[in-house]
Amino acid sequence: RAMAFGKFIQGLSLGYLGLIFDKGFIVDESSDLENLEFVPYTDLFAAGMAKLDEAEAMARGGSFTLPTEWVGFDGSISSDKFARLISSWRARLKSQVGRTAAERDASNWQDIMADLQAGLGATEDYAVYDDGSTWACAR
């Protein structure tokens, strides 16, 4: 479960770096920190999606629970729900990566829809956050 959760965090981190920056470093547990090279956002994003794929495979292949302390809200997550959460996040990120109309048109929308369908249902909460005054569910 720790490896799956770690890959998930790496995937989200690299995916968001690809959404936000034009270039960045792909860093993981096997990186040589003395010899990092900038790569384009498309490579950052692809590395993030690969990490999410690894995390999902671990979650679908295992039977574990992520504890409340790891997920940051009042409730643990089963490996099944975690796998579906990963699919939902992957769809969200893939739908946002296109920076131009041409890139958005070139997105594999069938793949994005498949991730959505494999993800969390419309009525399932995936996080609870503290907005400073009340607790609210995010969907």
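In this text, all values refer to a predicted model and were calculated from it rather than measured experimentally.

Assigned secondary structure in the protein chain consists of six helices and six strands. The linear arrangement of helices and strands in the protein chain, starting from the amino end, is α-β-β-α-β-α-β-α-α-α-β-β. Across the 139 residues of the protein chain, 37% fall into the buried class. Of the contacts formed within the protein chain by residues at least 6 apart in sequence, a portion of 56% connects residues at least 24 apart. Carbon and sulfur atoms make up 55% of the accessible area of the protein chain, which amounts to about 8,100 Å² in all.

Let's shift gears to the packing of helix α2 (residues 41-61) against helix α4 (residues 79-96). The interhelical angle for the contact between α2 and α4, taken along N-to-C directions, is 160°, at an axis separation of 8 Å. With respect to α4, the axis of α2 lies roughly antiparallel. Crossing of α2 against α4: the hand is left-handed. For the pair α2 and α4, the contacting residues are Phe-45, Met-49, Leu-52, Asp-53, Ala-55, Glu-56, Ala-59 and Arg-60 in the first and Ser-79, Phe-82, Ala-83, Arg-84, Ile-86, Ser-87, Arg-90, Leu-93 and Lys-94 in the second. Broken down by class, the residue content of the contact of α2 with α4 amounts to nine nonpolar, two polar and six charged.

Rules of the game
- Residues numbered from 1 in each chain as written.
- Predicted model: local features only at pLDDT ≥ 70, side-chain atom pairs only at ≥ 80, totals over all residues.
- Heavy atoms only, no water.
- Helix = DSSP H or I, 4+ residues; strand = E, 2+ residues; numbered from the N terminus.
- Buried < 20%, exposed > 50% of the residue type's maximum accessible area, 1.4 Å probe, protein only.
- Contact = heavy atoms within 4.5 Å.
- Areas by Shrake-Rupley, 256 points an atom, 1.4 Å probe, with all protein chains shown as cover.
- Axes fitted to C-alpha atoms, helices over the stretch in contact; angles between N-to-C directions.
- Parallel < 35°, antiparallel > 145°, perpendicular 65-115°, else oblique.
- Left-handed = near helix turned anticlockwise from the far one by under 90°.
- Nonpolar A, V, L, I, M, F, W, Y, C, P; charged D, E, K, R; others polar.

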